[in-house]
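Architecture and fold: a report
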Amino acid sequence: MDKAQDQVDGFLESWIWQMVAALKTGPAQPVNVALADWISLAHNHYALAVRNTRLVGQEVAALLRWLEDLLQFSPNKVHLVGYSLGAHVSGFAGSYMGNKHKIGRITGLDPAGPMFEGTSPSDRLSPDDAKFVDAIHTFTREHMGLSVGIKQPVAHYDYYPNGGSFQPGCHFLELYKHIANHGLNALAQAIKCAHERSVQLFIDSLLYRDAPSKAYLCSDMDSFSQGLCLTCRKSQCNTLGYHTRQEPHKKSKTLFLVTRAQSPYKVYHYQFKMQFINQVEKPVEPTFTMSLFGMKDEAHKIPITLGEGIISNKTYSLLITLDSDIGEIIMIKFKWENSAVWANVWNTVQTIFPWGKGPLYSGLILTSIRIKAGETQKRMTFCSQNREDLQLHPTQEKTFVNCEVNSKSQKRTR
């Protein structure tokens, strides 16, 4: 990228200079960075500001055409980065350039939703506006009947961190923190937090280029939350932000990922498939925690939420994310946490039958834990270390080890 154009729809806030600094130092090749100052046109009634986006886009396109004619500067080297209304300004600029002078790339950072949602591609940012278009959607949750950011895909690659509806650390449950810092402007600050997260994620991708955040092709966040989309086959995953792999497609690709609440935002994604057997008639609704032991580090007391009671023989799939890289997982400790109902039952049984030599019968078995690591694409299967006692017991911890390692070592000794 030889030129970056940042479209802004507000005051020159601190993140703008953070963005400029990151663009000057983050890319492998030197870049020139320019800002489009259209504050006087943006700070109007929203409907008027929306109309002005087309005008500003036309002016940006005129500047780029002038540079092309005067300096033989190729539009293919241009990368427009636009936030909120600025994303659509970038789209209009690309549209006015035309196919013969098509610019190289546009990045839309949470493109504005009101008056753009559901409109034709010619009236908003769209994949036709540049050779490659990517967008990061961070606040598509409705507020007073309108979504601040646009929900629909508008690019070749549309990224939806944490589902795109809200962002960790910006939830309205934390509104009291904003009230303490911003008083009556607290609600606006809470909304701005999620909306502006798109900018921070893009800056983050420049600052931490050696630890990029990976996103995965998926139909919706519900499927992603079950860990069903952690595949990178056939270009089904990509890197969020500046260093995204640029592959234009006829149809928009929607990608999902989870992020942390603060920078660096990267997390490590895992799909866990747990096969349970419930040998009693009634559904069991226990609470579990899990500790992971890796080659590099450990992660303790991870809560496991299945969302429903365990019935009969069933495999549950869920997404687990870690804030740090623990390396290849070598052991899992799985614990059935205490609950009031089970504690009473268990204490009663142990009181009546105190002479029992072995663990008492609970009727609940975890036969295996299958893991797929999204970042490495490695698959592993873990089984109980004690094959003679497969029962799970309330308040007790059970150790699971890699079944594949055991099976391979057994084959070598035969």
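Once a new chain begins, its residue numbering starts again from 1 and follows that chain's sequence as written. Only residues with pLDDT of at least 70 are given local features in this predicted model, and only at 80 or more are side-chain atom pairs given and counted; all residues enter the totals for whole chains, interfaces and linings. With hydrogens and water excluded, all non-hydrogen atoms of the structure serve as input to the side-chain values.

Each pair of strands is called paired provided DSSP finds at least two bridges between the two strands. Per the convention used, a helix needs a DSSP run of H or I reaching at least four residues, while a strand needs a run of E reaching at least two, with both numbered from the N terminus. Taken in spatial order, the eight strands of this open sheet run 14-13-16-19-18-17-12-15, and their pairing is antiparallel. The sheet is open, and its two borders are formed by strand 14 (298-304) and strand 15 (313-322), each paired with just one other strand. Each adjacent strand pair in this sheet contributes to an overall mean axis angle of 25 degrees, direction not counted. Sheet topology note: the strand 12 (residues 268-278)/strand 17 (residues 364-373) ladder contains nine bridges and is antiparallel. All axes here are fitted lines through C-alpha atoms, helices being fitted over the stretch that makes contact, and every angle between N-to-C directions spans 0 to 180 degrees.

Taking 1.5 Å of rise per residue, the 26 residues of helix 3 (residues 46-71) would be expected to cover 38 Å, and the 37 Å separating its terminal C-alpha atoms lies within 8% of that figure. When the local axis directions of helix 3 are compared, the greatest deviation, roughly 25 degrees, occurs at Asn52. Multiplying 1.5 Å by the residue count of a helix minus one yields the expected span of that helix. A residue's bend is simply the angle between two axes: one fitted to the seven residues ending at it, one to the seven starting at it.

Ranked by size, the top nonpolar core spans 32 residues in total, and within it Phe272, Phe276 and Phe334 carry the most contacts. Elements represented by at least two residues in this core include exactly strand 12, strand 13 (287-294), strand 14, strand 15, strand 16 (329-337), strand 17 and strand 18 (379-384). For this analysis, a nonpolar core means a set of buried residues of the types Ala, Val, Leu, Ile, Met, Phe, Trp, Tyr and Cys, connected via side-chain atoms within 4.5 Å. For each residue, the accessible area found with a 1.4 Å probe, counting protein chains only, is set against the maximum for its type, and the residue is called buried under 20%, exposed over 50%, and partly exposed in between. With 28 residues, the next largest nonpolar core counts Ala49, Met97, Ile103 and Leu125 among its residues.

Now for the confidence of the model for the protein chain. In predicted models, pLDDT denotes the confidence assigned by the predictor to each residue on a 0 to 100 scale. Residues at a pLDDT of 70 or more form 83% of the protein chain, whose mean pLDDT is 86. Counting contacts from residues 1-10, a segment whose pLDDT is below 50, to residues more than four positions away or on other chains yields 61 contacts. Any two residues having at least one pair of non-hydrogen atoms within 4.5 Å are treated as being in contact. Counting interchain partners and residues more than four positions distant, the pLDDT-below-50 stretch residues 406-414 has one contact.

Here, a disulfide means two cysteine sulfur atoms that sit within 2.5 Å of each other. Tallying each qualifying case throughout the model produces four disulfides. The residue that forms a disulfide with Cys170 is Cys193, at a sulfur-sulfur distance of 1.9 Å. Taking the torsion about the sulfur-sulfur bond, which here is approximately -60 degrees, the covalent link between Cys170 and Cys193 counts as left-handed. Residue Cys170 is found in the loop between strand 8 (157-161) and helix 5 (175-182), and its partner Cys193 is found in helix 6 (residues 186-207); the two are separated by 23 residues along the sequence. At a sulfur-sulfur separation of 2.0 Å, the disulfide partner of Cys218 is Cys229. In this structure the cystine formed by Cys218 and Cys229 twists about its S-S bond by roughly 40 degrees; its chirality is therefore right-handed. In this pair, Cys218 is assigned in the loop between strand 9 (214-217) and helix 7 (221-225) and Cys229 in the loop between helix 7 and strand 10 (237-239), connecting sequence segments eleven residues apart. Take Cys229: its relative accessible area is 9%, and that puts it in the buried class. With its disulfide-bonded cysteines labelled consecutively along the sequence, the protein chain is connected as 1-2, 3-4, 5-6, 7-8.

Working definition: a ring pair exists when centres of Phe, Tyr or Trp rings (six-membered ring for Trp) sit within 6.5 Å. Plane angles under 30 degrees give stacked, over 60 give edge-to-face, the rest tilted. With the rule as written, the count across this model stands at 14 aromatic pairs. Seen from their ring centres, Phe132 and Tyr157 are 6.1 Å apart, and the 50 degrees between their planes marks the pair as tilted. Placement of the pair is Phe132 in strand 5 (residues 132-136) and Tyr157 in strand 8, with a sequence separation of 25 residues. Accessibility classification places Phe132 together with Tyr157 in one group, the buried group. One aromatic cluster is present, built from ring pairs that chain together Phe276, Phe288, Tyr316, Phe334, Trp336 and Phe400. Over the aromatic face of Tyr242 sits the side chain of Arg105, whose NZ or CZ is 5.8 Å from the ring centroid. Taking NZ or CZ as reference, Lys266 lies 4.7 Å from the ring centre of Tyr268, over its face. A ring is considered to have a charge above it if a Lys NZ or an Arg CZ atom is located within 6 Å of its centre and within 35 degrees of its normal.

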